[in-house]
Amino acid sequence: MPKTSEQFDMIVIGAGLVGSAFVLCLRQQAVARDLRIAVVERSLPPTPAAANEHWGLRVSALSPESVSLLQAAGLHAKWPQLRPAPYADMRVWDADGTGAVHFSAKAAGVESLGVLIENAALQTALWQQVTQDSGLSIYAPQAWTNLERGLGDWCLTLSDGNALHAPLVIAADGAQSRVRELAGIAVAQRDYHQRGVVCTVEHEKPHEATAWQRFLNTGPLAFLPTDHPQQSSIVWTLPSEQAQAYCAMPVAEFEQALAQAFEHKLGAVGLLGERASFPLLAQHAEHYACDGVVLIGDAAHSIHPLAGQGVNLGFLDVAALVDALVAQRKAGLPWAHERAQRQYSRARRGHNGLMMHAMSGFDLLFASELPALRVLRNIGMKAFEKSGLVKQHIAQTALQGRR
Ligand SMILES: Cc1cc2nc3c(=O)[nH]c(=O)nc-3n(C[C@H](O)[C@H](O)[C@H](O)COP(=O)(O)OP(=O)(O)OC[C@H]3O[C@@H](n4cnc5c(N)ncnc54)[C@H](O)[C@@H]3O)c2cc1C
(Lines give C-alpha, C1' and ligand atoms only; values in the text may rest on other atoms or scores of the structure.)
Protein backbone atom coordinates (compact mmCIF):
# COMPACT_ATOMS: atom_id res chain seq x y z
CA MET A 1 0.00 0.00 0.00
CA PRO A 2 1.39 3.43 -0.86
CA LYS A 3 1.92 5.57 2.20
CA THR A 4 -0.17 8.73 2.57
CA SER A 5 0.86 12.11 3.84
CA GLU A 6 -1.81 14.47 5.15
CA GLN A 7 -1.53 18.16 5.95
CA PHE A 8 -3.24 19.77 8.97
CA ASP A 9 -3.14 23.12 10.75
CA MET A 10 -2.75 21.40 14.11
CA ILE A 11 -2.17 17.91 15.52
CA VAL A 12 -3.43 17.19 19.05
CA ILE A 13 -1.65 14.19 20.55
CA GLY A 14 -3.45 12.60 23.50
CA ALA A 15 -7.21 12.88 24.01
CA GLY A 16 -7.53 12.23 27.73
CA LEU A 17 -9.48 14.67 29.90
CA VAL A 18 -7.34 17.68 28.98
CA GLY A 19 -6.67 16.95 25.28
CA SER A 20 -10.36 16.26 24.55
CA ALA A 21 -11.47 19.37 26.45
CA PHE A 22 -8.98 21.45 24.47
CA VAL A 23 -10.27 20.20 21.11
CA LEU A 24 -13.91 20.76 22.10
CA CYS A 25 -13.31 24.25 23.54
CA LEU A 26 -11.39 25.30 20.45
CA ARG A 27 -14.08 23.95 18.13
CA GLN A 28 -16.68 26.07 19.96
CA GLN A 29 -14.94 29.15 18.54
CA ALA A 30 -16.28 30.47 15.25
CA VAL A 31 -12.75 31.23 13.96
CA ALA A 32 -11.82 27.57 14.43
CA ARG A 33 -14.61 26.09 12.32
CA ASP A 34 -12.37 25.68 9.25
CA LEU A 35 -9.31 24.67 11.18
CA ARG A 36 -7.90 21.32 10.05
CA ILE A 37 -7.25 19.37 13.26
CA ALA A 38 -5.94 15.82 13.61
CA VAL A 39 -6.54 14.12 16.97
CA VAL A 40 -4.23 11.20 17.73
CA GLU A 41 -4.98 8.99 20.74
CA ARG A 42 -3.32 5.67 21.47
CA SER A 43 -6.23 4.04 23.37
CA LEU A 44 -9.99 4.28 23.82
CA PRO A 45 -11.45 5.58 27.12
CA PRO A 46 -12.19 3.12 29.95
CA THR A 47 -15.82 1.98 30.36
CA PRO A 48 -17.70 3.98 33.01
CA ALA A 49 -19.70 2.29 35.77
CA ALA A 50 -23.37 1.58 34.97
CA ALA A 51 -25.96 3.76 36.74
CA ASN A 52 -26.59 1.13 39.46
CA GLU A 53 -22.90 0.29 39.99
CA HIS A 54 -20.34 1.90 42.29
CA TRP A 55 -17.83 4.27 40.70
CA GLY A 56 -14.58 3.02 39.20
CA LEU A 57 -11.13 3.58 40.63
CA ARG A 58 -10.25 7.04 39.33
CA VAL A 59 -12.21 10.13 40.22
CA SER A 60 -11.55 13.87 40.02
CA ALA A 61 -12.57 16.73 42.25
CA LEU A 62 -13.53 19.44 39.77
CA SER A 63 -13.62 23.14 40.62
CA PRO A 64 -16.73 25.15 39.62
CA GLU A 65 -14.59 26.73 36.84
CA SER A 66 -13.74 23.31 35.44
CA VAL A 67 -17.41 22.34 35.49
CA SER A 68 -18.33 25.52 33.59
CA LEU A 69 -15.60 24.89 31.02
CA LEU A 70 -16.73 21.30 30.45
CA GLN A 71 -20.37 22.23 30.16
CA ALA A 72 -19.53 25.00 27.69
CA ALA A 73 -17.43 22.50 25.74
CA GLY A 74 -20.63 20.59 24.94
CA LEU A 75 -21.34 18.45 28.02
CA HIS A 76 -24.14 20.61 29.43
CA ALA A 77 -27.04 18.42 28.28
CA LYS A 78 -25.49 15.12 29.35
CA TRP A 79 -23.97 16.44 32.62
CA PRO A 80 -26.55 14.83 35.00
CA GLN A 81 -25.95 11.42 33.36
CA LEU A 82 -22.30 11.63 34.43
CA ARG A 83 -23.43 11.25 38.06
CA PRO A 84 -21.60 14.34 39.39
CA ALA A 85 -21.48 14.54 43.18
CA PRO A 86 -21.34 18.14 44.42
CA TYR A 87 -19.61 18.64 47.76
CA ALA A 88 -20.55 21.46 50.08
CA ASP A 89 -17.94 21.01 52.80
CA MET A 90 -14.33 20.03 53.12
CA ARG A 91 -12.91 18.93 56.46
CA VAL A 92 -9.15 18.68 56.87
CA TRP A 93 -7.50 17.61 60.09
CA ASP A 94 -4.22 16.55 61.49
CA ALA A 95 -3.37 13.06 62.77
CA ASP A 96 -2.29 14.67 66.05
CA GLY A 97 -5.90 15.73 66.46
CA THR A 98 -4.95 19.28 67.44
CA GLY A 99 -5.49 21.20 64.20
CA ALA A 100 -8.52 21.21 61.93
CA VAL A 101 -9.85 23.34 59.07
CA HIS A 102 -13.39 23.38 57.77
CA PHE A 103 -14.19 24.89 54.37
CA SER A 104 -17.86 25.43 53.77
CA ALA A 105 -19.66 26.42 50.58
CA LYS A 106 -22.25 28.21 52.67
CA ALA A 107 -19.65 30.36 54.45
CA ALA A 108 -17.96 31.12 51.12
CA GLY A 109 -21.34 32.16 49.66
CA VAL A 110 -21.30 29.54 46.90
CA GLU A 111 -23.54 26.60 46.10
CA SER A 112 -20.81 23.98 46.30
CA LEU A 113 -17.04 23.82 46.60
CA GLY A 114 -16.93 21.66 43.50
CA VAL A 115 -18.04 18.26 42.27
CA LEU A 116 -16.58 14.79 42.34
CA ILE A 117 -16.87 12.85 39.12
CA GLU A 118 -15.83 9.41 37.90
CA ASN A 119 -12.95 9.88 35.43
CA ALA A 120 -14.17 7.11 33.11
CA ALA A 121 -17.63 8.73 32.81
CA LEU A 122 -16.17 12.15 32.06
CA GLN A 123 -13.57 10.83 29.65
CA THR A 124 -16.15 8.78 27.75
CA ALA A 125 -18.52 11.75 27.46
CA LEU A 126 -15.73 14.01 26.19
CA TRP A 127 -14.55 11.38 23.74
CA GLN A 128 -18.09 10.83 22.38
CA GLN A 129 -18.33 14.58 21.81
CA VAL A 130 -14.99 14.61 19.97
CA THR A 131 -15.91 11.68 17.74
CA GLN A 132 -19.28 13.24 16.84
CA ASP A 133 -17.51 16.26 15.33
CA SER A 134 -17.23 15.41 11.63
CA GLY A 135 -14.86 18.36 11.13
CA LEU A 136 -12.08 16.55 13.02
CA SER A 137 -9.75 13.85 11.68
CA ILE A 138 -9.49 11.22 14.38
CA TYR A 139 -6.78 8.61 14.63
CA ALA A 140 -7.64 6.25 17.51
CA PRO A 141 -6.62 3.85 18.80
CA GLN A 142 -3.44 4.79 17.01
CA ALA A 143 0.23 4.18 17.73
CA TRP A 144 2.94 6.31 16.14
CA THR A 145 6.63 5.84 15.73
CA ASN A 146 8.22 9.25 15.32
CA LEU A 147 7.73 12.99 15.53
CA GLU A 148 10.26 15.20 13.85
CA ARG A 149 10.67 18.76 12.76
CA GLY A 150 10.79 19.30 9.02
CA LEU A 151 10.91 22.54 7.05
CA GLY A 152 8.18 24.65 8.69
CA ASP A 153 6.18 21.61 9.80
CA TRP A 154 6.20 18.79 12.34
CA CYS A 155 5.81 15.31 10.83
CA LEU A 156 4.16 12.55 12.87
CA THR A 157 4.80 9.09 11.47
CA LEU A 158 2.01 6.65 12.33
CA SER A 159 2.75 2.99 12.99
CA ASP A 160 1.26 2.04 9.58
CA GLY A 161 3.84 4.29 7.91
CA ASN A 162 1.39 7.07 6.97
CA ALA A 163 2.36 10.59 8.00
CA LEU A 164 0.58 13.65 9.39
CA HIS A 165 2.07 17.13 8.97
CA ALA A 166 1.24 20.36 10.81
CA PRO A 167 3.09 23.50 11.93
CA LEU A 168 1.52 23.24 15.40
CA VAL A 169 1.46 20.21 17.74
CA ILE A 170 -0.47 20.23 21.01
CA ALA A 171 0.96 17.67 23.44
CA ALA A 172 -1.74 16.41 25.81
CA ASP A 173 -0.19 12.96 26.19
CA GLY A 174 0.12 12.96 29.97
CA ALA A 175 2.91 12.93 32.53
CA GLN A 176 5.16 10.55 30.54
CA SER A 177 4.76 12.69 27.41
CA ARG A 178 6.73 11.29 24.51
CA VAL A 179 5.98 14.39 22.49
CA ARG A 180 7.68 16.53 25.16
CA GLU A 181 10.72 14.28 25.04
CA LEU A 182 10.96 14.32 21.23
CA ALA A 183 10.56 18.11 21.20
CA GLY A 184 13.57 18.23 23.52
CA ILE A 185 11.75 19.94 26.41
CA ALA A 186 13.35 19.10 29.76
CA VAL A 187 11.39 18.57 32.99
CA ALA A 188 12.27 19.28 36.60
CA GLN A 189 11.18 16.26 38.66
CA ARG A 190 10.60 15.48 42.27
CA ASP A 191 9.87 11.91 43.24
CA TYR A 192 7.92 11.81 46.50
CA HIS A 193 8.71 8.09 46.86
CA GLN A 194 5.01 7.78 47.60
CA ARG A 195 2.08 6.15 45.86
CA GLY A 196 -1.57 7.10 45.94
CA VAL A 197 -3.71 4.07 46.82
CA VAL A 198 -7.14 4.46 45.22
CA CYS A 199 -10.34 2.46 45.67
CA THR A 200 -14.07 2.89 46.26
CA VAL A 201 -15.57 1.98 49.63
CA GLU A 202 -18.93 1.86 51.30
CA HIS A 203 -19.24 3.13 54.86
CA GLU A 204 -21.69 2.89 57.73
CA LYS A 205 -22.45 6.61 58.09
CA PRO A 206 -23.38 9.01 55.25
CA HIS A 207 -20.59 11.20 53.88
CA GLU A 208 -22.80 14.32 54.09
CA ALA A 209 -21.52 15.64 50.74
CA THR A 210 -18.22 16.35 52.47
CA ALA A 211 -14.66 15.82 51.21
CA TRP A 212 -12.73 14.53 54.23
CA GLN A 213 -8.96 14.62 54.46
CA ARG A 214 -6.83 13.45 57.36
CA PHE A 215 -3.14 14.33 57.32
CA LEU A 216 -1.07 11.48 58.70
CA ASN A 217 2.69 11.68 58.87
CA THR A 218 2.86 9.05 56.12
CA GLY A 219 0.76 11.34 53.86
CA PRO A 220 -2.86 12.48 53.48
CA LEU A 221 -5.86 10.14 53.40
CA ALA A 222 -8.91 11.49 51.55
CA PHE A 223 -12.49 10.20 51.53
CA LEU A 224 -14.20 11.88 48.57
CA PRO A 225 -18.00 11.66 48.34
CA THR A 226 -19.57 9.89 45.37
CA ASP A 227 -23.20 10.26 44.23
CA HIS A 228 -24.16 7.48 46.67
CA PRO A 229 -24.55 8.83 50.26
CA GLN A 230 -22.67 5.87 51.75
CA GLN A 231 -19.93 5.41 49.18
CA SER A 232 -16.68 7.34 48.88
CA SER A 233 -13.63 7.27 46.70
CA ILE A 234 -10.34 6.95 48.55
CA VAL A 235 -6.97 8.51 47.78
CA TRP A 236 -4.48 7.36 50.38
CA THR A 237 -0.94 8.66 50.01
CA LEU A 238 1.61 6.27 51.47
CA PRO A 239 5.34 5.55 51.16
CA SER A 240 5.73 3.41 48.00
CA GLU A 241 6.44 0.06 49.70
CA GLN A 242 3.64 0.47 52.20
CA ALA A 243 1.19 1.40 49.44
CA GLN A 244 2.03 -1.76 47.54
CA ALA A 245 1.67 -3.84 50.70
CA TYR A 246 -1.74 -2.27 51.42
CA CYS A 247 -2.92 -3.12 47.91
CA ALA A 248 -1.84 -6.74 48.34
CA MET A 249 -3.08 -7.39 51.91
CA PRO A 250 -6.28 -9.41 52.55
CA VAL A 251 -9.44 -7.33 52.10
CA ALA A 252 -10.62 -7.52 55.73
CA GLU A 253 -7.21 -6.41 56.98
CA PHE A 254 -7.13 -3.51 54.51
CA GLU A 255 -10.63 -2.39 55.49
CA GLN A 256 -9.66 -2.37 59.13
CA ALA A 257 -6.44 -0.44 58.51
CA LEU A 258 -8.33 2.09 56.40
CA ALA A 259 -11.09 2.66 58.95
CA GLN A 260 -8.50 3.05 61.68
CA ALA A 261 -6.35 5.49 59.68
CA PHE A 262 -9.53 7.51 59.14
CA GLU A 263 -10.36 7.42 62.85
CA HIS A 264 -13.62 5.59 62.07
CA LYS A 265 -15.14 8.97 61.10
CA LEU A 266 -17.69 7.27 58.84
CA GLY A 267 -17.89 4.01 60.80
CA ALA A 268 -16.88 0.62 59.39
CA VAL A 269 -15.76 0.56 55.75
CA GLY A 270 -16.15 -2.14 53.10
CA LEU A 271 -14.09 -2.32 49.91
CA LEU A 272 -16.06 -2.17 46.63
CA GLY A 273 -14.06 -3.56 43.72
CA GLU A 274 -10.33 -3.33 43.20
CA ARG A 275 -7.51 -1.36 44.76
CA ALA A 276 -4.70 0.22 42.74
CA SER A 277 -1.83 2.57 43.42
CA PHE A 278 -0.17 5.28 41.34
CA PRO A 279 3.35 6.69 41.76
CA LEU A 280 3.37 10.32 42.89
CA LEU A 281 5.74 12.64 41.09
CA ALA A 282 5.88 16.38 40.89
CA GLN A 283 7.03 17.35 37.43
CA HIS A 284 7.28 20.69 35.68
CA ALA A 285 8.35 21.26 32.08
CA GLU A 286 11.04 23.91 31.66
CA HIS A 287 9.13 25.38 28.73
CA TYR A 288 5.46 25.07 27.84
CA ALA A 289 6.07 25.81 24.17
CA CYS A 290 9.01 25.24 21.90
CA ASP A 291 9.19 25.62 18.15
CA GLY A 292 5.51 24.87 17.50
CA VAL A 293 5.04 22.18 20.17
CA VAL A 294 2.79 23.28 23.06
CA LEU A 295 2.36 21.26 26.27
CA ILE A 296 -0.92 21.19 28.20
CA GLY A 297 -2.17 19.26 31.25
CA ASP A 298 0.03 16.61 32.82
CA ALA A 299 2.42 16.79 29.85
CA ALA A 300 3.36 20.25 31.19
CA HIS A 301 2.96 19.68 34.93
CA SER A 302 2.02 16.97 37.37
CA ILE A 303 1.29 17.77 40.95
CA HIS A 304 0.74 15.97 44.26
CA PRO A 305 -2.95 14.91 44.37
CA LEU A 306 -3.45 16.09 47.96
CA ALA A 307 -5.56 19.07 46.90
CA GLY A 308 -7.09 17.33 43.87
CA GLN A 309 -5.77 20.02 41.53
CA GLY A 310 -4.10 18.19 38.62
CA VAL A 311 -6.85 18.15 36.07
CA ASN A 312 -8.21 21.53 37.19
CA LEU A 313 -4.87 23.10 36.34
CA GLY A 314 -5.04 21.29 33.00
CA PHE A 315 -8.46 22.81 32.26
CA LEU A 316 -7.08 26.26 33.11
CA ASP A 317 -4.31 25.56 30.55
CA VAL A 318 -7.04 24.73 28.02
CA ALA A 319 -8.87 28.02 28.63
CA ALA A 320 -5.66 30.07 28.42
CA LEU A 321 -4.40 28.37 25.25
CA VAL A 322 -7.75 28.65 23.46
CA ASP A 323 -7.94 32.36 24.41
CA ALA A 324 -4.41 33.01 23.14
CA LEU A 325 -4.89 31.12 19.86
CA VAL A 326 -8.25 32.74 19.11
CA ALA A 327 -6.94 36.26 19.85
CA GLN A 328 -3.98 35.62 17.55
CA ARG A 329 -6.18 34.34 14.76
CA LYS A 330 -8.54 37.29 15.10
CA ALA A 331 -5.48 39.56 14.78
CA GLY A 332 -4.86 37.95 11.38
CA LEU A 333 -1.82 35.90 12.44
CA PRO A 334 -1.45 32.20 11.55
CA TRP A 335 -2.45 29.61 14.18
CA ALA A 336 1.15 28.50 14.61
CA HIS A 337 2.55 32.01 15.14
CA GLU A 338 4.65 32.09 18.30
CA ARG A 339 2.76 35.01 19.86
CA ALA A 340 -0.01 32.78 21.24
CA GLN A 341 2.52 30.23 22.48
CA ARG A 342 4.40 32.92 24.41
CA GLN A 343 1.18 34.39 25.79
CA TYR A 344 -0.03 30.96 26.93
CA SER A 345 3.29 30.09 28.62
CA ARG A 346 3.36 33.43 30.44
CA ALA A 347 -0.22 32.98 31.60
CA ARG A 348 0.14 29.44 32.92
CA ARG A 349 3.69 28.47 33.88
CA GLY A 350 3.99 30.77 36.91
CA HIS A 351 0.54 29.88 38.25
CA ASN A 352 1.08 26.13 37.90
CA GLY A 353 4.54 26.44 39.51
CA LEU A 354 3.04 28.24 42.49
CA MET A 355 0.41 25.53 43.03
CA MET A 356 3.05 22.82 42.76
CA HIS A 357 5.29 24.45 45.36
CA ALA A 358 2.33 24.99 47.68
CA MET A 359 1.35 21.31 47.48
CA SER A 360 4.94 20.12 48.02
CA GLY A 361 5.16 22.47 51.03
CA PHE A 362 1.96 21.07 52.53
CA ASP A 363 3.20 17.54 52.04
CA LEU A 364 6.54 18.30 53.75
CA LEU A 365 4.90 20.18 56.59
CA PHE A 366 2.45 17.41 57.39
CA ALA A 367 4.99 14.63 56.98
CA SER A 368 7.42 16.22 59.40
CA GLU A 369 8.32 14.45 62.64
CA LEU A 370 10.15 17.53 63.96
CA PRO A 371 8.38 18.65 67.16
CA ALA A 372 8.91 22.36 66.35
CA LEU A 373 7.30 21.99 62.94
CA ARG A 374 4.42 19.98 64.36
CA VAL A 375 3.71 22.71 66.95
CA LEU A 376 3.95 25.40 64.26
CA ARG A 377 1.63 23.42 62.02
CA ASN A 378 -1.01 23.04 64.72
CA ILE A 379 -0.83 26.72 65.68
CA GLY A 380 -1.04 27.55 61.96
CA MET A 381 -4.11 25.38 61.40
CA LYS A 382 -5.91 26.85 64.40
CA ALA A 383 -5.08 30.41 63.33
CA PHE A 384 -6.14 29.60 59.77
CA GLU A 385 -9.45 28.12 60.94
CA LYS A 386 -10.15 31.38 62.79
CA SER A 387 -8.97 33.63 59.96
CA GLY A 388 -12.43 34.29 58.48
CA LEU A 389 -11.86 36.25 55.30
CA VAL A 390 -8.44 34.76 54.56
CA LYS A 391 -9.88 31.25 54.83
CA GLN A 392 -12.81 32.16 52.68
CA HIS A 393 -10.49 33.61 50.05
CA ILE A 394 -8.37 30.43 50.04
CA ALA A 395 -11.50 28.29 49.71
CA GLN A 396 -12.57 30.36 46.72
CA THR A 397 -9.19 30.54 45.01
CA ALA A 398 -6.30 28.18 45.73
CA LEU A 399 -8.29 25.07 46.60
CA GLN A 400 -10.68 25.74 43.76
CA GLY A 401 -7.89 26.13 41.22
CA ARG A 402 -8.92 29.61 40.10
CA ARG A 403 -6.61 31.92 38.22
C1 LIG B 1 -4.04 9.02 42.64
C2 LIG B 1 -4.39 10.26 41.87
C3 LIG B 1 -5.53 10.99 42.19
C4 LIG B 1 -5.85 12.17 41.50
N5 LIG B 1 -6.95 12.89 41.87
C6 LIG B 1 -7.23 14.07 41.24
C7 LIG B 1 -8.34 14.89 41.61
O8 LIG B 1 -9.11 14.58 42.51
N9 LIG B 1 -8.55 16.06 40.92
C10 LIG B 1 -7.69 16.46 39.93
O11 LIG B 1 -7.88 17.56 39.39
N12 LIG B 1 -6.65 15.70 39.55
C13 LIG B 1 -6.39 14.53 40.17
N14 LIG B 1 -5.33 13.77 39.77
C15 LIG B 1 -4.53 14.21 38.62
C16 LIG B 1 -5.26 13.95 37.32
O17 LIG B 1 -5.63 12.59 37.25
C18 LIG B 1 -4.38 14.33 36.14
O19 LIG B 1 -3.92 15.66 36.33
C20 LIG B 1 -5.16 14.27 34.82
O21 LIG B 1 -5.61 12.97 34.55
C22 LIG B 1 -4.28 14.74 33.67
O23 LIG B 1 -5.01 14.69 32.47
P24 LIG B 1 -4.27 14.72 31.07
O25 LIG B 1 -5.36 14.62 30.07
O26 LIG B 1 -3.32 15.87 31.03
O27 LIG B 1 -3.35 13.43 31.08
P28 LIG B 1 -3.79 11.90 31.06
O29 LIG B 1 -5.00 11.70 31.89
O30 LIG B 1 -2.56 11.13 31.42
O31 LIG B 1 -4.18 11.64 29.54
C32 LIG B 1 -3.19 11.50 28.53
C33 LIG B 1 -3.85 10.90 27.29
O34 LIG B 1 -2.86 10.79 26.26
C35 LIG B 1 -2.87 9.48 25.75
N36 LIG B 1 -1.50 9.19 25.30
C37 LIG B 1 -0.41 8.99 26.07
N38 LIG B 1 0.67 8.79 25.31
C39 LIG B 1 0.24 8.86 24.03
C40 LIG B 1 0.90 8.73 22.79
N41 LIG B 1 2.21 8.46 22.72
N42 LIG B 1 0.18 8.88 21.66
C43 LIG B 1 -1.18 9.15 21.71
N44 LIG B 1 -1.84 9.26 22.87
C45 LIG B 1 -1.14 9.13 24.01
C46 LIG B 1 -3.34 8.59 26.88
O47 LIG B 1 -3.92 7.37 26.38
C48 LIG B 1 -4.39 9.49 27.53
O49 LIG B 1 -5.65 9.36 26.93
C50 LIG B 1 -5.00 12.60 40.44
C51 LIG B 1 -3.86 11.86 40.09
C52 LIG B 1 -3.55 10.71 40.81
C53 LIG B 1 -2.29 9.93 40.44
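Read on for a plain summary of the structure. (Residues numbered from 1 in each chain as written. Predicted model: local features only at pLDDT ≥ 70, side-chain atom pairs only at ≥ 80, totals over all residues. Heavy atoms only, no water.)

## A few points about helix H4 (residues 119–131)
Phase 1 of the analysis: The end-to-end C-alpha distance of H4, which contains 13 residues, comes to 18 Å, matching closely the 18 Å that a straight helix rising 1.5 Å per residue would cover.
Phase 2 of the analysis: Where burial is concerned, most of H4 is hidden: 11 out of the 13 residues are buried.
Phase 3 of the analysis: Here H4 has its buried residues at Asn119, Ala120, Ala121, Leu122, Gln123, Thr124, Ala125, Leu126, Trp127, Gln129 and Val130.
Phase 4 of the analysis: In this fold, the buried residues of H4 make contact with helix H1 (17–27), strand S3 (37–40), strand S4 (59–62), helix H2 (64–75), strand S8 (114–118) and strand S9 (136–139). (Helix = DSSP H or I, 4+ residues; strand = E, 2+ residues; numbered from the N terminus. Expected span 1.5 Å × (residues − 1). Buried < 20%, exposed > 50% of the residue type's maximum accessible area, 1.4 Å probe, protein only. Contact = heavy atoms within 4.5 Å.)

## Some details on the sheet that holds strand S12 (residues 163–166)
Phase 1 of the analysis: Spatially, the four strands line up as an open sheet ordered S1-S12-S11-S10, and their pairing is mixed. Each edge of the sheet is formed by a strand with only one pairing partner; in this case those strands are strand S1 (5–7) and strand S10 (144–149). Between one strand axis and the next, the sheet turns by 20° as a mean value, whatever way the strands run.
Phase 2 of the analysis: Sheet topology places strand S11 (residues 154–158) next to S12; four bridges connect them, and they run antiparallel. Residue threonine 157 lies in a different strand from S12, and its bridge partner there is alanine 163. (Pairing = 2+ DSSP bridges. Axes fitted to C-alpha atoms, helices over the stretch in contact; angles between N-to-C directions.)

## So, the sheet that holds strand S2 (residues 10–13)
Phase 1 of the analysis: Pairing within the open sheet is mixed, and its six strands lie in the order S9-S3-S2-S13-S20-S19. The strands lining the two open edges of the sheet, one partner per strand, are S9 and strand S19 (289–290).
Phase 2 of the analysis: Relative to S9, S3 runs parallel, the two sharing four bridges. The residue bridging alanine 38 from the neighbouring strand is serine 137, located in S9.

## Some remarks on unusual backbone geometry
Phase 1 of the analysis: Note the cis peptide between alanine 140 and proline 141, where omega equals -10°.
Phase 2 of the analysis: Secondary-structure assignment places proline 141 in the loop between S9 and S10.
Phase 3 of the analysis: Of note in the backbone geometry, arginine 83 takes a positive phi value of approximately 55° without being a glycine.
Phase 4 of the analysis: With respect to the helices and strands, the residue arginine 83 is situated in the loop between H2 and strand S5 (85–87).
Phase 5 of the analysis: The exposure class assigned to arginine 83 is buried, which follows from its relative accessible area of 15%.
Phase 6 of the analysis: At glutamate 263, a residue that is not glycine, the phi angle is positive and equals roughly 55°.
Phase 7 of the analysis: Checked against the element boundaries, glutamate 263 lands in the loop between helix H7 (251–261) and strand S18 (269–285).

## A short note on the site of the ligand
Phase 1 of the analysis: In the vicinity of the ligand lie 28 residues, with Glu41, Arg58, Trp144, Asp298 and Val311 positioned nearest.
Phase 2 of the analysis: For the ligand, an oxygen atom lies 3.3 Å from a polar atom in the side chain of serine 43.
Phase 3 of the analysis: One nitrogen or oxygen atom from the main chain of alanine 61 is found 3.1 Å from an oxygen atom belonging to the ligand.
Phase 4 of the analysis: Burial of the ligand by the protein amounts to 86% of the accessible area it has alone, namely 1000 Å².
Phase 5 of the analysis: Elements that contribute at least two residues to the shell around the ligand include exactly H1, S4 and helix H8 (310–330).
Phase 6 of the analysis: Taken together, the residues of the shell around the ligand break down into 13 nonpolar, 10 polar and five charged. (Near = heavy atom within 4 Å. Polar contact = N/O pair within 3.5 Å; in protein donor to acceptor, adjacent residues only side chain to side chain. Areas by Shrake-Rupley, 256 points an atom, 1.4 Å probe, with all protein chains shown as cover. Nonpolar A, V, L, I, M, F, W, Y, C, P; charged D, E, K, R; others polar.)

## Quick word on the pattern of salt bridges
Phase 1 of the analysis: Considering all chains together, one arrives at seven salt bridges under this definition.
Phase 2 of the analysis: When the shortest N-O distance is used, the salt bridge between aspartate 291 and arginine 149 registers 3.4 Å. Residue aspartate 291 is found in the loop between S19 and strand S20 (293–295), and its partner arginine 149 is found in strand S10; the two are separated by 142 residues along the sequence. (Salt bridge = Lys/Arg side-chain N within 4 Å of Asp/Glu carboxyl O.)

## Some points on the nonpolar core
Phase 1 of the analysis: In this structure, Phe22, Leu26, Leu62, Leu70, Trp79 and Leu122 are the most contacted members of the largest nonpolar core, which totals 74 residues.
Phase 2 of the analysis: Of the residues forming this core, the biggest block, 10 residues, is contributed by H8.
Phase 3 of the analysis: Setting aside anything within four residues of it in sequence, one finds tryptophan 79 in contact with Leu62, Val67, Leu70, Gln71, Pro84, Val115, Ile117 and Leu122.
Phase 4 of the analysis: Counting 23 residues, the second largest nonpolar core, distinct from the first, contains Phe223, Ala259, Leu266 and Val269. (Core = buried A, V, L, I, M, F, W, Y, C linked by side-chain atoms within 4.5 Å.)

## Quick look at the packing of H2 against H4
Helix packing geometry: the angle between the two helix axes and the distance between the axes.
Phase 1 of the analysis: Look at H2 against H4: their axes get within 10 Å of each other, and the N-to-C directions meet at 35°. From H2, Leu70, Ala73, Gly74 and Leu75 reach across to H4, where they touch Leu122, Ala125, Leu126 and Gln129.

## Observations regarding the environment of alanine 243
Phase 1 of the analysis: Its location among the elements puts alanine 243 in helix H6 (residues 240–248).
Phase 2 of the analysis: Residue class for alanine 243 comes out buried when judged on its relative accessible area of 0%.
Phase 3 of the analysis: The spacing of alanine 243 and alanine 276 is 33 residues in sequence and 9.0 Å in space, taken between C-alpha atoms.
Phase 4 of the analysis: The contact partners of alanine 243, leaving out residues within four places of it in the chain, are Arg195, Val197 and Leu238.

Shape is all these values report; function is a separate question.
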